Amino acid sequence: MSAGARGLPSPDLSTRVGPLRLQNPILTASGTFGYGLEFAERADLHRLGGLVTKGLSLEPLAGNPPVRIAETRGGMLNSIGLQNIGVDRFLSEVLPGLKDLPPKVIVNLFGYAQDEYVRLAERVEPYEGVAAVELNVSCPNVSKGGIEFGHDPEILSRLVRRVRSATGKPIVVKLSPNVTSPQALAGAAKEGGADILSAVNTFVGMAIDTATRRPILSTIRGGLSGPAIKPLALRIVFDVAREVDLPVIGIGGVETVDDVLEFLLAGASAVQVGTALFRDPRTAERLVDGLRERLRAEGIPSVDSLIGAAARPE
Amino acid sequence: MAAVDSRGEVLDVQPLPLPYFLLRVRVAAMEAAEPGQFVMVAGANRPEPYLRRAFSVYDQEAASDGSLVISLLGKVIGRGTEALAACVPGERIPVLGPLGTGFHSVAAGISGSGGSESGRAALVAGGIGSAGLGLLAQALERSGRPFDFFYGGRGAEDLVEAETFRRLSERSGGRLVKTTEDGSAGERGLITTALEAEVRTGAGYTTVCTCGPHGLMAAVAGIAAAGGVAGEAATETPMGCGYGACLGCAVTLKNGGYALCCRQGPVFRLDEVAW
């Protein structure tokens, strides 16, 4: 271990998330970092722990009509509608540019039917550059599909089991916060064979234009993200990590080093940064530096020692 | 061409008749913007509003130290623009840019590579939309291409940069046409009515470029199509990031698809947008 500034040892930022070994616990969240390469000129991709792609479907999707976003206090609503280039174009055009970078590439998959998830998993299976698949079973912005898989434990369990049989890659299940008991869905994902949970997707919300007296978003409802949801997401990560024996990636309003620490202490093994990237494209790498500095300053040797500390008895 | 994300130094906020303001920012390593391109900016160290705001580069000047001084013409309409109008000289604010696709067909005409893009141009601005046409008017004037500048607003206070556009258009060999809905400056009425009259009476425009409220640009597109004139519009939508990551700024095209205002736009051909 090398000696850092002020003679203190450089902390170990690496973290194990189930079968995944990451160089640090900072990932970028699906739908907030494009496919990765869009950021190459604005952010240092090399320094991230991992990146999660925009949700990919079998066929390209055009997405929802405008208006797709509405800013709210402490965050934003979005209703993009899973616009994406399709899994095949991603694998042939984008993945080659990402696969040799240090961050692990996690491919977010989205289908309208169980079969589609299975076919997507089969499609990415041969690609070594794909470190894991994240199942989007909780997108609030499509009229059918996605969300129903994430709201019923039996359906979710069956879906994960089918994907399990199609891939040897680690399976991440992204949980919806828009349910009574995310823990129950987390348990169902584990039963189906998931390796990792990511929590949480956006919260369903809406905004109204007082001048026109109409909902701002074309789909009326959208997903709320940003600092506004952090305490809500943190609570879910805490409950899920305590009750379900699977590693958790925390998501929801992560923007500062304290946010990262809170999620780790709540039981997350890593975090995904999302909406904060829109405000500042360098947020993720800034957090990597900030986390290292904080651990060094406080004499904390590794990320590992923090994970779940808030759930342990005093 | 790479957009650069950096901290710009606020030089001043020039007082214009309320609610307008002109913010000048020195950015150390930013490439000059093309006409129609924009930057994402926010007030200094403010937690709210959460997202940056998109601003056309209204004017720019390369300084001798290699930095670029950009001018952003704004109108206070909400929390984001309030924060920018409240900037103090010396403050450092985030500036990401230049972003997007500008007035490319017109630019091609100026550089001589697009043979059909010569002749008289009409620039049509609605109120603060004039911010999106500042660099274009300068480029036309520099290239010696004559243009008429149509400037419309609710009242005289909305034609905040009228003198600048009068000077540029007259130097190019064209003129400034003003209208206001309340009749406090220029003809009473809509600027699109004035444009239509000119097009009908054979002003001989070969290009129409516009920036303003959606209804105005839609009307300009209709007038241009009826008069057989090609043109472009600098569109505006709510933006999350400004650089293509959030996919939030969809513009609906006539072919039924969507384009991102921040990447394929903000400038689109008048005949490709589903107005």
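Residues numbered from 1 in each chain as written. Chains lettered and ligands numbered in written order. Predicted model: local features only at pLDDT ≥ 70, side-chain atom pairs only at ≥ 80, totals over all residues.

The number of helices and strands found in chain A is 8 helices and 16 strands. The C-alpha atoms of chain A give 19 Å as radius of gyration, which agrees with the globular expectation for 314 residues (20 Å, within 12%). The principal-axis extents of the C-alpha atoms in chain A amount to approximately 55 × 50 × 45 Å. Among the 314 residues that make up chain A, the fraction classed as buried is 55%. Restricting to contacts in chain A with at least 6 residues of sequence separation, those with at least 24 account for 71%. (Helix = DSSP H or I, 4+ residues; strand = E, 2+ residues; numbered from the N terminus. Rg over C-alpha atoms; globule rule 2.2 N^0.38 Å. Buried ≥ 20, exposed ≤ 12 C-beta atoms within 10 Å, placed from the backbone. Contact = placed C-beta atoms within 7 Å.)

For the rest of this paragraph, the subject is the overall build of chain B. Counting its secondary structure elements, chain B contains 6 helices and 16 strands. Relative to the 2.2 N^0.38 estimate, which gives 19 Å for 275 residues, the radius of gyration of chain B is 18 Å and therefore close to what a compact globule would have. Each of the three principal axes of chain B carries a C-alpha extent, and together these read 55 × 40 × 35 Å. Taking the contacts inside chain B whose residues are at least 6 apart along the sequence as the reference set, 66% of them involve residues at least 24 apart.

Okay, the interface of chain A and chain B next. Contacts between the two partners involve 29 residues from chain A and, on the opposite side, 23 residues from chain B. Among the elements of the structure, β5 (69-72), β6 (75-78) and α7 (276-279) of chain A are those that each provide at least two residues to the side of chain A that touches chain B. When its residues are assigned to classes, the side of chain A that touches chain B shows 12 nonpolar, 8 polar and 9 charged. (Nonpolar A, V, L, I, M, F, W, Y, C, P; charged D, E, K, R; others polar.)

A few words on the sheet that holds strand β4 (residues 53-56) of chain B. Residue and element names in this part refer to chain B. Strand order in this open sheet of 7 strands is β4-β3-β7-β1-β2-β6-β5, and the pairing throughout is antiparallel. On the outer flanks of this sheet lie β4 and β5 (59-62), each paired with one strand and no other. Strand-to-strand, the axes of this sheet are offset by a mean angle of 35°, without reference to chain direction. By the bridge criterion, 4 bridges tie β5 to strand β6 (residues 68-75) in an arrangement that is antiparallel. Considered in β6, the bridge of A62 is made with L68. (Pairing = 2+ DSSP bridges. Axes fitted to C-alpha atoms, helices over the stretch in contact; angles between N-to-C directions.)

Take helix α4 (residues 182-192) of chain A next. All names here are of chain A. Of the residues making up α4, those classed as buried are P182, L185, A186, G187, A188, A189 and G192. Turning to α4, the residues buried within the fold contact α3 (153-166), β9 (171-174), β10 (196-199) and α5 (230-243). In the stretch just after α4, G193 is the one whose phi turns positive, near 110°.

With that settled, consider the nonpolar core. Buried together is how nonpolar side chains tend to be arranged in soluble globular proteins. Counting residues in each nonpolar core, the largest one holds 186 residues, and the members touching the most others are L197, V237 and V271 of chain A together with L123, F150 and V220 of chain B. When we break this core down by domain, the ones giving at least three residues each are domain 1 (4-99) and domain 2 (104-269) of chain B. Not counting chain neighbours up to four residues away, the residues in contact with L123 of chain B comprise L133, L136, A137, F147, F149, F150 and C209 of chain B. (Core = buried A, V, L, I, M, F, W, Y, C linked by C-beta atoms within 7 Å. Domains from an automatic or database assignment.)

To continue, consider the domain arrangement of chain B. Residue and element names in this part refer to chain B. Assigned domains of chain B: these are domain 1 (4-99) and domain 2 (104-269). Centre-to-centre separation of domain 1 and domain 2, based on C-alpha positions: 22 Å. The interface of domain 1 with domain 2 comprises 20 residues on the first partner and 20 residues on the second.

Time to look at helix α6 (residues 257-266) of chain A. Residues and elements named next belong to chain A. Of all 10 residues in α6, 7 are buried, a share of seventy percent or more. Within the sequence span of α6, burial applies to D259, V260, L261, E262, F263, L264 and A266. Lining the buried residues of α6 we find α5, β15 (248-251), β16 (268-273) and α8 (283-297). Following α6 by one or two positions, G267 has its phi on the positive side, about 125°.

Below, the discussion takes up the packing of α4 of chain A against α5 of chain A. Residue and element names in this part refer to chain A. Relative to each other, α4 and α5 sit at 45°, their axes nearing to 9 Å. Put simply, α4 runs oblique to α5. With respect to the hand of their crossing, α4 and α5 are arranged in right-handed fashion. Where α4 abuts α5, its residues P182, Q183 and A186 lie against I236, D239, V240 and E243. (Parallel < 35°, antiparallel > 145°, perpendicular 65-115°, else oblique. Left-handed = near helix turned anticlockwise from the far one by under 90°.)

This part is about the pairing of strand β3 (residues 38-41) of chain B. Every other side chain in a regular strand lies on the same face of the sheet, so the side chains alternate between the two faces. Residue and element names in this part refer to chain B. Both faces of β3 are covered, namely the face carrying F38 and M40 and the face carrying V39 and V41. Bridge count between β3 and β4: 4 bridges; the pairing is antiparallel. Residue pairing across strands places F38 opposite S56, the latter belonging to β4.

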